[in-house]
Amino acid sequence: MRRIDLLACLAIAAAGCDINTPTYFQGMPLEVGGKTPDGMDRPSSATDTLEVKFRAPSASDTAALMAEQQRLGLQQPVPWLKRSDLAIEVAFTLRNLDDKPGIALVMVNGANEFTNYDVAAIVSYFNMNLANAQDRPVVLPLIQAVPVMVPAHQTYQGVVREDDFTEAELDLDAIGRYGANAASVLINRSEVNPIGLEMVPKNEVVPAMFRILFTVSADTHMTCDYVVRVRDGADRLWDSPSPQFMPAPMDYMPALPGM
Amino acid sequence: MGVLAALAVMGRPSRVCAQITDEPAPPFPDPAKFSHGLYAEGEVGAVSFLGRAGDKMSTGVAVGARLGYEAFRWFAIQLHALGSTHQGSFENMPEAGQLMQLYQMTAEGKLTLTYRRVSVFGAGGGGIVRMSSNLLATVGLLKDPTSLNSVAFGGGGGIDWHTLNRHFSLGAQIGFLLLADVRESGLLSTTLYLRYTF
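Here, residues in each chain are numbered from 1, in the same order as that chain's written sequence. Each chain takes a letter, starting from A, and each ligand takes a number, starting from 1, following the order in which they are written. Restriction of local features to residues with pLDDT of at least 70 applies here, the model being predicted, together with a cutoff of 80 or more for giving and counting side-chain atom pairs; totals for whole chains, interfaces and linings are based on all residues.

Attention shifts here to the nonpolar core. Across soluble globular proteins, nonpolar side chains have a tendency to be buried as a group. Val90, Val108, Met209 and Val216 of chain A together with Leu136 of chain B are the most contacted members of the largest nonpolar core, which has 70 residues in total. Here the element with the most residues in this core is strand S10 (residues 209–218) of chain A; it accounts for 7 residues. Any pair of residues counts as being in contact when their C-beta atoms, constructed from backbone geometry, are within 7 Å of one another. For valine 216 of chain A, the residues in contact, after removing those within four places along its chain, are Leu30, Val32, Ala46, Ala104, Val106 and Cys224 of chain A. We define a nonpolar core as a collection of buried residues of the types Ala, Val, Leu, Ile, Met, Phe, Trp, Tyr and Cys that are connected via C-beta atoms lying within 7 Å of each other. Residues with at least 20 other C-beta atoms within 10 Å of their own are called buried, those with 12 or fewer are called exposed, and the rest are partly exposed. The C-beta atoms themselves are positioned from the backbone. Each helix is a run of H or I in the DSSP string that is no shorter than four residues. Each strand is a run of E no shorter than two, and both are numbered from the N terminus.

In structure tokens:
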């Protein structure tokens, strides 16, 4: 009995070492507003794309996913990267390099293994297909932080929290695989108002995002550094020499208004 | 007759005799009576990063344990595990405020000098330090950014005060570990401990 107790204590201690083991991925520093060294105006918005590397499923993993899909009775495949296994958070720092206070806005879009949601691509699509600018709908990001005022030569630190990603991942799956109205699901918090999620099965296995499009906009000269923090509860993060997961998600393109 | 005997005694030189009948009283308390051999320690204290990682991570609370064996009164070998939690202090960087845990696991040799209830000791050894995340890799401090382990070696010392109970003693110790896989960085640990010798 004593030996069993000792083994149990050791097992708990070993498990405790892995309770909170995040991995950090650094994004490219972004710079918006102000002038470039050669005197040109710098764009007021910039986006960086960061893809988190995950290991590819083995043949037995794939078989297990198919068995899980059958067991759950789902029409759509069960994702390899599940929201329940991966907790994502983005921490960022804004620096206002200007002599006057500025307002900055941070947005997050991205892709899961089935759907890519890129606001810039959707806006371009509307611009190409809708000649009249008044007809072009507003395109909402998956996650939009509250605009922040950054005083001159000051720094602001912010976080896009794990629960923001949890909501965004559900919205992205509803939009991509279940044809939900993007505006409906993106405006509403699903636990408060699940409008737009009617087609999503109750036992849906929500895919996690693997690609993050981090956008910062500002009305003054600012820089932004960010890191993506991933807590991997299912040993999905890539580690050489295992093969890397290379999904090819479909770009989401909404129906044109009036068509 | 009595007068003759008295004169005979008075006529001889006098002599004083002494005899030791008991062992000398032992010092109190007698260190020889303290338990000796296998021992265990529990400790609490703080761990600080030194060097380049020193301004990136805060000092953290630490909890640890030792299990050792005194081969002699003056020499012991011991296994040491110490866990601590730290907060990132990356100034004006997004990593600021992020938490990281450290797990130190080392094997040590220990030399002890005892005088009655007080001992002073020095210990040295090496082992592995495991980090719970790659937080230090984001600022280029890990030599191998994909590894969360670092070889570590170093030493320290302290003072031990034995209670009148033959099993228990209390002490304070300070130690330094050089982290071979974290660029120009080390760990300073200061702890108080309670020791039980079986």
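Relative to strand S2 (residues 60–70) of chain B, strand S1 (residues 38–51) of chain B is paired through 10 bridges, and the arrangement is antiparallel. Pairing of leucine 38 of chain B across the sheet is with tyrosine 69 of chain B, part of S2 of chain B. One bridge is not enough; two strands pair if DSSP finds at least two bridges between them.

On to the interface of chain A and chain B. Each partner contributes residues to the interface: chain A has 15 residues there, and chain B has 11 residues. Contributions of two or more residues to the side of chain A that touches chain B are made by strand S1 (22–26), strand S4 (86–96), strand S9 (155–160) and strand S11 (222–232) of chain A. Ten residue types, Ala, Val, Leu, Ile, Met, Phe, Trp, Tyr, Cys and Pro, are classed as nonpolar, four, Asp, Glu, Lys and Arg, as charged, and the remainder, Gly among them, as polar. Considered class by class, the residues forming the side of chain A that touches chain B number 7 nonpolar, 7 polar and 1 charged.

Another point: the confidence of the model for chain B. As a per-residue measure, pLDDT reflects the predictor's confidence and takes values from 0 up to 100. Across chain B, pLDDT averages 90, with 93% of residues at or above 70. In the model output, the complex is listed with pTM 0.84 alongside ipTM 0.78.

All names here are of chain A. With an omega of 10°, the peptide bond between serine 240 and proline 241 qualifies as cis. For proline 241, the position within the fold is in the loop between S11 and strand S12 (250–251). A positive phi is found at histidine 153, a non-glycine position, where the angle reads about 60°. Along the chain, histidine 153 turns up in the loop between strand S8 (148–150) and S9. Owing to 12 C-beta atoms within 10 Å, histidine 153 belongs among the exposed residues under this scheme. Of note in the backbone geometry, aspartate 235 takes a positive phi value of approximately 55° without being a glycine. Position of aspartate 235 relative to the elements: it lies in the loop between S11 and S12.

Okay, helix H2 (residues 59–72) of chain A next. Any helix carries an expected span of 1.5 Å times its number of residues minus one. In a regular helix each residue adds 1.5 Å, so 14 residues correspond to 20 Å; H2 of chain A covers 20 Å between its end C-alpha atoms and thus fits that length. With 0 of 14 residues buried, H2 of chain A is to be regarded as a mostly surface element.

Once that is clear, we can look at the sheet that holds strand S7 (residues 168–179) of chain B. Within a sheet, neighbouring strands are paired by backbone hydrogen bonds and run either parallel or antiparallel to one another. All names here are of chain B. Read once around its circumference, the closed barrel built from 8 strands follows the order S1-S2-S3-S4-S5-S6-S7-S8, with strand pairing classed as antiparallel. Strand-to-strand twist across the sheet, computed as the mean angle between neighbouring axes with direction ignored, equals 25°. The sheet contact formed by S2 and strand S3 (residues 75–87) spans 9 bridges and is antiparallel. Bridged to leucine 67 within S3 is leucine 79. Structural elements are reduced to axes, namely lines fitted to C-alpha atoms, with helices fitted over the stretch in contact, and the angle between N-to-C directions of any two is expressed from 0 to 180 degrees.

Residues and elements named next belong to chain A. Judged by how many residues are buried, S11 sits mostly within the fold: 8 of 11 residues are covered. In this structure, S1 lies alongside S11, joined through 5 bridges in antiparallel fashion. Across the sheet, residue threonine 23 finds its bridge partner in S11, namely valine 230. Where strand S2 (residues 30–32) and S11 come together, 3 bridges link them in antiparallel fashion. Looking across to S11, one finds that leucine 30 is bridged to cysteine 224.

All names here are of chain B. Take leucine 113: it is sitting in strand S4 (residues 99–115). Residue leucine 113 is classed as exposed on the basis of its C-beta count, with 11 C-beta atoms lying within 10 Å. In sequence terms leucine 113 and tryptophan 74 are 39 residues apart; their C-alpha atoms lie 6.1 Å from each other. Ignoring sequence-local partners within four residues, the contact set of leucine 113 consists of Trp74, Ser119 and Val120.

For chain A, per-residue confidence averages 90 on the pLDDT scale, and residues scoring 70 or more make up 92% of the total. Between the elements of chain A, mean pLDDT differs from a low of 52, seen in helix H1 (residues 2–16) of chain A, to a high of 97, seen in S10 of chain A.

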